[in-house]
Amino acid sequence: MAAATAEPAQTSVLSARNLCKTYGSGASAVHALRAVNLEVQGGEFVVLLGASGSGKSTLLNILGGLDTASSGELWFGQQPLGQATDQELTQYRRAHVGFVFQFYNLIPSLTVFENVELVTDIADAPMPVQDALERVALGERRDHYPSQLSGGEQQRVAIARAVVKRPQLLLCDEPTGALDYATGKLVLEVIADVGASLGTTVVVITHNTAIAGMADRVIRLADGGIASITRNAQRLSPAELSW
Ligand SMILES: Nc1ncnc2c1ncn2[C@@H]1O[C@H](COP(=O)(O)OP(=O)(O)OP(=O)(O)O)[C@@H](O)[C@H]1O
């Protein structure tokens, strides 16, 4: 008989227990996650590193309710998500999770303001759109269209869109992957500042090991499992990083 699983600690925002994800079946099965155990605390800044194919995006997508595990358990605080229905996962994402991806996915026909405003229609307690834009230093670009912005500015709009609903979790998958060095640093600064000022738990996937210096904890994945978890004695600001 399987042992009963204790509820997660009160301070954990996310708790994953024996999380497995298998794509396909039989000889062609890909074991993308192999029994991942992980606790993420409220307000933590976590950097997720690992080689291509190690399972980073799979893990992030499951933590954010975009995908479900094949087996294992996932909790958001005290709320079990392992057996959640599609509708419950949608509700979880809407209420609690902001996503930032490598490509900004802004709607070209809407202004900066409108791109962010769109999210507030389905959020419970959003902040004013202008407030979100000012947090990413784009208050004055509110009436511009995405095509009138640089890549870094578009990514800052995407960050404003992710945080306008005051999510408890900000999940970022290669947020600087398409940006040059200086712009990437600026975007990391915005993510760190917004996370700290809102008390948001932030998880950032990156291939860039230098970015690990910004984290409270650094989790390395290898072949679908956690290879190591290290805690930084001191968090560096993006300005102090170099690569
Ligand atoms: N929809 C899918 N169907 C089949 N296999 C998949 C699917 N999505 C991911 N995989 C496989 O699962 C494994 C983990 O993929 P994942 O995208 O999570 O890795 P990653 O660490 O994020 O990689 P990258 O750094 O290249 O983005 C890989 O072997 C990948 O090919």
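Anything mentioned here points back to the structure above.
Residues numbered from 1 in each chain as written. Predicted model: local features only at pLDDT ≥ 70, side-chain atom pairs only at ≥ 80, totals over all residues. Heavy atoms only, no water.

Asks: I'd like to hear about the overall build of the protein, residue by residue, with values.
Replies: Along its length, the protein carries 6 helices and 10 strands. Relative to the compact-globule value of 18 Å for 243 residues, the protein shows a C-alpha radius of gyration of 18 Å, a close match. With respect to the three principal axes, the spread of C-alpha positions in the protein is 60 × 40 × 40 Å. Split into buried and exposed, the 243 residues of the protein put 49% on the buried side. Considering only contacts within the protein whose residues lie at least 6 apart along the sequence, 71% involve residues at least 24 apart. (Helix = DSSP H or I, 4+ residues; strand = E, 2+ residues; numbered from the N terminus. Rg over C-alpha atoms; globule rule 2.2 N^0.38 Å. Buried < 20%, exposed > 50% of the residue type's maximum accessible area, 1.4 Å probe, protein only. Contact = heavy atoms within 4.5 Å.)

Asks: Can you lay out the pairing of strand β4 (residues 71-76) for me, pointing to particular residues and giving the numbers?
Replies: As paired elements, strand β1 (residues 12-23) and β4 share 5 bridges and run antiparallel to each other. Following the sheet pairing, Ala16 is matched in β4 by Leu74. Where β4 meets strand β5 (residues 79-80), 2 bridges bridge the pair, whose relative direction is antiparallel. For Phe76, the partnering residue across the bridge sits in β5 and is Gln79. (Pairing = 2+ DSSP bridges.)

Asks: Talk me through the site of the ligand; I want residue IDs and the actual numbers.
Replies: Within the structure, the ligand sits among Tyr23, Val30, Ala32, Ala51, Ser52, Gly53, Ser54, Gly55, Lys56, Ser57, Thr58 and His207. Residue Gly53 places a main-chain N or O atom 2.8 Å away from an oxygen atom belonging to the ligand. One of the side-chain nitrogen or oxygen atoms of Lys56 is found 2.8 Å away from an oxygen atom of the ligand. Its free accessible area being 640 Å², the ligand has 58% of it covered by the protein chains. (Near = heavy atom within 4 Å. Polar contact = N/O pair within 3.5 Å; in protein donor to acceptor, adjacent residues only side chain to side chain. Areas by Shrake-Rupley, 256 points an atom, 1.4 Å probe, with all protein chains shown as cover.)

Asks: Quick rundown of the sheet that holds strand β10 (residues 225-231)? Include the residues and the values.
Replies: Spatially, β6-β7-β8-β3-β9-β10 is the arrangement adopted by the 6 strands of the open sheet, whose pairing is mixed. A single partner strand is all that each edge strand has here, and the edge strands are β6 (97-100) and β10. Between one strand axis and the next, the sheet turns through 20 degrees on average, direction left out of account. Of the pairings in the sheet, the one linking strand β7 (residues 169-173) to strand β8 (residues 201-205) comprises 5 bridges and is parallel in character. Across the sheet, residue Leu171 finds its bridge partner in β8, namely Val203. Strands in contact with helix α1 (residues 56-63) are β3 (45-50), β7, β8 and β9 (217-222); relative to β7, the strand with the most contacts, it is inclined by about 155 degrees. (Axes fitted to C-alpha atoms, helices over the stretch in contact; angles between N-to-C directions.)

Asks: With reference to specific residues and values, describe the layout of surface pockets.
Replies: In this structure, the largest pocket occupies an estimated 370 Å³ of space. Around the largest pocket, the lining is made up of 18 residues, and of these Val97, Phe99, Val119, Arg161 and Lys165 lie nearest the centre. For the lining of the largest pocket, the secondary structure elements donating two or more residues are α2 (86-96), β6, α3 (112-120) and α5 (151-163). Partitioned by chemical class, the residues of the lining of the largest pocket number 10 nonpolar, 4 polar and 4 charged. (1 Å grid on protein atoms, 1.4 Å probe; cavity = no way out; pocket = protein on both sides within 12 Å on 5 of 7 lines; lining within 4 Å. Points joined across faces, edges and corners; volume = space filled by probe spheres on them. Nonpolar A, V, L, I, M, F, W, Y, C, P; charged D, E, K, R; others polar.)

Asks: Would you mind going over α3 in detail, with residue names and values included?
Replies: Turning to α3, its buried residues are Val112, Phe113, Asn115, Val116, Val119 and Thr120. Mapping the buried residues of α3 onto a view down its axis gives an arc of 165 degrees, with all of them on the same face. For α3, the elements touching its buried residues are α4 (129-135) and α5. (Arc of directions from axis to C-beta.)

Asks: Which residues make up the environment of Thr200, and what values go with them?
Replies: Relative to the elements of secondary structure, Thr200 occurs in the loop between α6 (181-198) and β8. Given the relative accessible area of 3%, Thr200 is considered buried. Expressed as a C-alpha distance, the spacing of Thr200 and Gly98, which sit 102 residues apart in the sequence, is 9.8 Å. Once you skip the residues sitting within four places of it in the chain, Thr200 turns out to touch Gly43, Glu44, Pro167, Gln168, Leu169, Leu170, Val194 and Gly195.

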